[in-house]
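# Analysis of the macromolecular model
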Amino acid sequence: MMEMIALDSQLIPTKGSTLRTRNEKFDTNGFFFLPNLVPDPTKLECDVPEWRGSRHYYGSVDNYSHVDDEGQVDGSSSRYNWPAYKDLHTKIRLEIEQVLGKKLYNTYYYDRFYFLGQELEKHVDRDACEISVSLMIKSNLRYYHEWPFIVDSSNQDLRETWITTAPGDAIIYKGCEIPHWRPPLTSKYGRDEPKYKLWARRILRGRDDTFWHQAFFHYVLADGNRCEHAFDVSNRY
């Protein structure tokens, strides 16, 4: 299960600061926006799960373990090692190595479906998330800017930066050092909806089908302070 370090106390990186890369903007701000990282995100789309909780997959879609407690976002659906995204984990690493000019090692990846009202609390992540990539896959929100990804940049001029993404867009950030979060997910049914849709919602009260699908790919610097977490061998869930 993903370990979240909440902001109840002062944040101190457990393994020291992330070493500098060859990307000055990333080093200064602690994050970097990557539009269109995946040119055709429709290939990553899948049905919204009926189940809630967390599943860990072991090589195939039929071989998995399940727990009802998702562990980070109550009521969401998360999948660790979803087989269809395995190759993408490495493919994105190769892209990020070009962006940062540094060799990386894979650690782990997972994806999550968020639903109405769910939020991602402000936090930093464990050491296996030294270099993190958050990739938007799909949502049925009418306007994607309604659910931003927020970061507390290491650059004082960019505190609480709100980043909006479309399918295929990604954000790379220092997962162990840069606090990040999302506000509660709003409904896709806004006040400007046609009256017949609002009427239908009253009949189907409690069945709001709003969702947001996001994937997370994590890495460590090959020459960094957290390199022992390569392939996440120190934390087998």
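Description of the structure in this document. (Residues numbered from 1 in each chain as written. Predicted model: local features only at pLDDT ≥ 70, side-chain atom pairs only at ≥ 80, totals over all residues. Heavy atoms only, no water.)

### Thoughts on the packing of aromatic side chains
Taken as a whole and assessed by the stated rule, the structure comprises twelve aromatic pairs. Ring geometry for Tyr105 and Phe231: centres 6.0 Å apart, planes at 35°, overall tilted. With Tyr105 in strand 6 (residues 104–115) and Phe231 in the segment after strand 13 (211–221), this residue pair connects regions lying 126 residues apart in the sequence. Classification of Tyr105 as partly exposed rests on a relative accessible area of 30%. For the ring pair Tyr108 and Tyr110, a centre distance of 6.3 Å and an interplane angle of 10° mean the geometry is stacked. Take Tyr110: its relative accessible area is 2%, and that puts it in the buried class. In this structure an aromatic cluster arises from ring pairing among Tyr80, Tyr108, Tyr110 and Phe216. Seen from the ring of Trp82, Arg79 lies directly overhead, with NZ or CZ sitting 3.8 Å from the centre. In this structure, Lys174 is placed above the aromatic ring of Phe26, and the distance from its NZ or CZ to the ring centre is 5.7 Å. (Phe/Tyr/Trp six-rings, centres within 6.5 Å; stacked < 30°, edge-to-face > 60°. Helix = DSSP H or I, 4+ residues; strand = E, 2+ residues; numbered from the N terminus. Buried < 20%, exposed > 50% of the residue type's maximum accessible area, 1.4 Å probe, protein only. Lys NZ or Arg CZ within 6 Å of the ring centre and 35° of its normal.)

### Some words on the state of the cysteines
One pass over the structure, following the stated rule, counts zero disulfides. Residue Cys176 stays outside any disulfide, its sulfur separated by 5.9 Å from that of Cys129, the closest cysteine. (Disulfide = S-S within 2.5 Å.)

### As for the sheet that holds strand 13
An order of 2-11-8-13-6-5-3-4 is seen for the eight strands of this open sheet, with the pairing classed as mixed. Every interior strand has two partners, whereas the edge strands, strand 2 (31–34) and strand 4 (64–67), have only one. In this sheet, neighbouring strand axes are inclined to one another by 20° on average, regardless of whether the strands run parallel or antiparallel. Of the strand pairs in this sheet, strand 8 (residues 131–139) and strand 11 (residues 170–173) are connected by four bridges, and their pairing is antiparallel. Bridge pairing in strand 11 places Ser132 opposite Tyr173. (Pairing = 2+ DSSP bridges. Axes fitted to C-alpha atoms, helices over the stretch in contact; angles between N-to-C directions.)

### Regarding the pairing of strand 6
Within strand 6, eleven of the twelve residues are buried, which leaves the element mostly enclosed by the surrounding structure. Where strand 5 (residues 77–80) meets strand 6, four bridges bridge the pair, whose relative direction is antiparallel. Bridging across to strand 6, Ser77 finds its partner in Phe113. Taken together, the ten bridges between strand 6 and strand 13 define a ladder with antiparallel strand orientation. Counted as the bridge partner of Tyr114 is Trp212 from strand 13.

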